[in-house]
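Descriptive structure summary
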Amino acid sequence: MLIEELSGAHVDHYRAVVSRPPPSGSRRRTARSPGSLRLDMITLAQAWAWGRARGGTPPRDLDIPSVAAKPVRERYTPSAGEVAAVVAHLPTWMQQLVRLQWATGARVGEIASLRAGDILPDRAELLLGQHLNASKTGARRVPVHPDTVPLLRELVAGRAPGDRIWPYDARGCAQRLNQAVGEQAAALDQPHWTTHALRRAFVVRAVRAGLDPATVASITGHSVGMMMGTYRTVMAEDQRAAALALPGALPRGQVVQLAVGDGDPHSAPAQRRPR
């Protein structure tokens, strides 16, 4: 299509098409989310304005449809005790799924899409992102702690490599699990949280343990920037630990004037004196 022919109707048609699940054989893998669509429209509006200013697009406004902002996700990150309390009241298959999420920080859809052949107890590994609708950031190998290996053996026992692990497809598992978690959290008088919070909890635990951020990001399937900006939740415990690690009291007794650069955080670096 020529840029001169582009109109708001074409843009609206694009929005309608990409917001639906892709047809068979399409190069698209999933429907565009509201957040992604909104970014598309913002980018198009900026590009059109830039083109008009330079004579590269027709001297007219382009009618760009609005897209509702992406809803804000629940940000509460549960503690290990809160997760354990909820898990104790869940059906067995839900308990198993949550335990794998807690151990790996994987998305619920990635865990719910596992086949028996994706679970490798002898290597203490999971193969994630191998299946349709569960490969948002590509396929990757995720190691697990030895404590989780018995669970892996339990999941593959008596199953052929292509067998499903869970009683529902990925979407069905996620919907049922999140509903059950929400109900149990409310019954236990906990703040509301979803299975996505288990991903944040994994990152929080990893950062507190002093693990290399690049290594943790390779496990969760994100860039370091995305992981630290989106999934690293600063909690009251972190702030308290920082306060305890940096004593706030000044030294008692005689006050000694420090040379510039000898510890005063508000001064410029000291210049090296010639010897």
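Refer to the preceding data block for the structure.
Attention in this report is confined to the structure presented alongside it. (Residues numbered from 1 in each chain as written. Predicted model: local features only at pLDDT ≥ 70, side-chain atom pairs only at ≥ 80, totals over all residues. Heavy atoms only, no water.)

1. Concerning the pairing of strand 3 (residues 140-143)
Only one face of strand 3 is covered, namely the face carrying Arg-140 and Val-142; the face carrying Arg-141 and Pro-143 is uncovered. Alignment of strand 2 (residues 125-128) against strand 3, held across four bridges, turns out to be antiparallel. Within the sheet, the bridge partner assigned to Leu-127 lies in strand 3 and is Arg-141. (Buried < 20%, exposed > 50% of the residue type's maximum accessible area, 1.4 Å probe, protein only. Helix = DSSP H or I, 4+ residues; strand = E, 2+ residues; numbered from the N terminus. Pairing = 2+ DSSP bridges.)

2. Section: the nonpolar core
Counting residues in hydrophobic clusters, the biggest one holds 47 residues, and the most contacted among them are Leu-90, Leu-97, Leu-100, Ile-111, Leu-126 and Trp-166. Elements that contribute at least two residues to this core include exactly helix 3 (80-87), helix 4 (92-104), helix 5 (108-112), strand 2, helix 6 (149-156), helix 7 (170-187), helix 8 (196-208) and helix 9 (213-220). Broken down by element, this core gets its largest block of residues, seven residues, from helix 7. With sequence-adjacent residues up to four places away left out, Leu-90 is seen in contact with Gln-95, Val-98, Leu-177, Ala-180, Val-181 and Gln-184. By size, the runner-up hydrophobic cluster in this structure holds eight residues, among which are Val-18, Met-41, Leu-62 and Val-67. (Core = buried A, V, L, I, M, F, W, Y, C linked by side-chain atoms within 4.5 Å. Contact = heavy atoms within 4.5 Å.)

3. Details of the pairing of strand 2
Where burial is concerned, the two faces of strand 2 agree: the one with Glu-125 and Leu-127 and the one with Leu-126 and Leu-128 are both buried. Inspection of the sheet shows strand 1 (residues 119-120) paired to strand 2 by two bridges, in the antiparallel sense. Across the sheet, residue Leu-120 finds its bridge partner in strand 2, namely Glu-125. As consecutive antiparallel partners, strand 1 and strand 2 are separated by four residues, and within that stretch Ala-124 has a phi angle of approximately 55°, a positive value.

4. What to know about the pattern of salt bridges
Scanning all chains against the criterion turns up eight salt bridges. Put simply, Arg-15 and Asp-12 hold a salt bridge, and the shortest N to O gap is 2.5 Å. Of the two residues, Arg-15 and Asp-12 are both situated in helix 1 (residues 8-18); the distance of three residues between them amounts to about one turn of the helix. The partly exposed category is assigned to Arg-15, whose relative accessible area is 26%. Among the ionic pairs, Glu-125 bridges to Arg-141, the shortest N-O distance being 2.7 Å. In this pair, Glu-125 is assigned in strand 2 and Arg-141 in strand 3, connecting sequence segments 16 residues apart. With relative accessibility at 13%, the residue Glu-125 sits in the buried group. One salt-bridge network, held together by shared partners, links Arg-107, Glu-110 and Arg-140. (Salt bridge = Lys/Arg side-chain N within 4 Å of Asp/Glu carboxyl O.)

5. Focus on the packing of helix 8 against helix 9
Packing of helix 8 against helix 9 brings their axes to within 10 Å, and their N-to-C directions diverge by 160°. As judged from the angle between their axes, helix 8 and helix 9 are roughly antiparallel. The way helix 8 lies across helix 9 gives a crossing that is right-handed. Here helix 8 contributes Arg-199, Phe-202, Val-203 and Ala-206 to the contact with helix 9, which in turn contributes Val-216, Ile-219 and Thr-220. By residue class, the composition of the contact of helix 8 with helix 9 is five nonpolar, one polar and one charged. (Axes fitted to C-alpha atoms, helices over the stretch in contact; angles between N-to-C directions. Parallel < 35°, antiparallel > 145°, perpendicular 65-115°, else oblique. Left-handed = near helix turned anticlockwise from the far one by under 90°. Nonpolar A, V, L, I, M, F, W, Y, C, P; charged D, E, K, R; others polar.)

6. A short note on helix 7
Think of an α-helix as turning once every 3.6 residues; residues three or four places apart then point the same way. Helix length check: helix 7 (18 residues) gives 26 Å between terminal C-alpha atoms against 26 Å at 1.5 Å per residue, within 8%. Taken as a whole, helix 7 has its buried residues at Ala-170, Gly-172, Cys-173, Ala-174, Leu-177, Ala-180, Val-181, Gly-182 and Ala-185. The inward-facing, buried residues of helix 7 contact helix 3, helix 4 and helix 5. Phi turns positive, to about 60°, at Asp-189, one or two residues after helix 7. (Expected span 1.5 Å × (residues − 1).)

7. A closer look at the packing of helix 3 against helix 4
Helix 4 packs onto helix 3 with a crossing angle of 165° between their chain directions and a minimal axis gap of 10 Å. If you check the angle between helix 3 and helix 4, you find them roughly antiparallel. Helix-helix and strand crossings are classified by hand; for helix 3 and helix 4 the assignment is left-handed. Seen from helix 3, the contacting residues are Ala-80, Val-83 and Val-87; seen from helix 4, they are Gln-95, Val-98 and Trp-102.

8. Some remarks on the sheet that holds strand 1
Across the sheet, three strands lie side by side as 1-2-3; this open sheet has antiparallel pairing. Each end of this open sheet is capped by a strand with a single partner; those strands are strand 1 and strand 3.

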